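So you can see what is in the structure, the chains are spelled out below.
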Amino acid sequence: QVQLVESGGGLVQAGGSLRLSCAASGRTSSIYAMGWFRQAPGKERDFVASITNSLSSPYYTDSVKGRFTISRDNAKNTVYLQMNSLKPEDTAVYYCAAKRLDSYECDYWGQGTQVTVSS
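Attention in this report is confined to the structure presented alongside it. Here the residue numbers are simple positions, counted from 1 along each chain's written sequence. Local features in this predicted model are restricted to residues whose pLDDT is 70 or higher, and side-chain atom pairs enter the listing and the counts only when it is 80 or higher, whereas totals over whole chains, interfaces and linings include all residues. Side-chain calculation: all heavy atoms of the structure are included, whereas hydrogens and water are not.

Focus: the nonpolar core
Side-chain atoms within 4.5 Å are what join buried Ala, Val, Leu, Ile, Met, Phe, Trp, Tyr and Cys residues into a set we call a nonpolar core. Note on exposure labels: buried denotes an accessible area under 20% of the residue type's maximum, exposed denotes more than 50%, and partly exposed covers the range between, all computed with a 1.4 Å probe on protein chains only. With 28 residues, the main nonpolar core has Leu4, Met34, Trp36, Leu81, Met83 and Tyr94 as its most contacted residues. For the purposes of this entry, the term helix denotes a DSSP run of H or I that reaches at least four residues, the term strand denotes a run of E that reaches at least two, and both are numbered from the N terminus. Secondary structure elements with two or more residues in this core: β1 (2-7), β3 (18-26), β4 (33-39), β5 (45-52), β7 (68-73), β8 (78-83), β9 (92-99) and β11 (113-118). Whether two residues are in contact is decided by their heavy atoms, any of which lying within 4.5 Å being enough. Residues contacting Leu81, with those up to four places away along its chain left out, are Leu18, Arg19, Leu20, Trp36, Val48, Ala49, Phe68, Thr69, Ile70 and Tyr94.

Shown next as structure tokens:
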């Protein structure tokens, strides 16, 4: 099993920045990719960004390209999401997720951290 713990959420004004962290523990050797999803009130959970353990080819949803950066420290089993130029529409609960190489969907999820962007 793998446990994921997020941190770094909070309240920020539009145009501001936040950095989310997600620390993995347990059978971390099984993790192939890690990423971030978010769920706004009344909406479905959506993909935000992901990165593989080779640190190649990070992926982003179009709405965050150029503003968010995902990175990963394999030695610390931690993935980060640097969020700049935040907008009120970025307000959501942000979830960290991880998947094994042989999985189609994410296998592990964190508990979520709230990000609120005020206008």
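Considering the pattern of salt bridges
Oppositely charged side chains can form a pair if their charged atoms are brought close together. Salt bridge, as used here: a side-chain nitrogen of Lys or Arg that lies within 4 Å of a carboxyl oxygen of Asp or Glu. For the coordinates displayed, the defined rule picks out five salt bridges. The salt bridge involving Arg67 is made with Asp90; its shortest N-O contact spans 2.8 Å. Separated by 23 residues along the polypeptide, Arg67 in the loop between β6 (59-60) and β7 and Asp90 in the loop between β8 and β9 bring together distant segments of the chain. The same class applies to Arg67 and to Asp90, which are both buried. Residue Asp102 is joined to Arg100 by a salt bridge in which the shortest nitrogen-to-oxygen separation is 3.5 Å. For Asp102, a relative accessible area of 66% corresponds to the exposed category. When salt bridges with common partners are traced through the structure, they connect Arg38, Arg67 and Asp90 into a single cluster.

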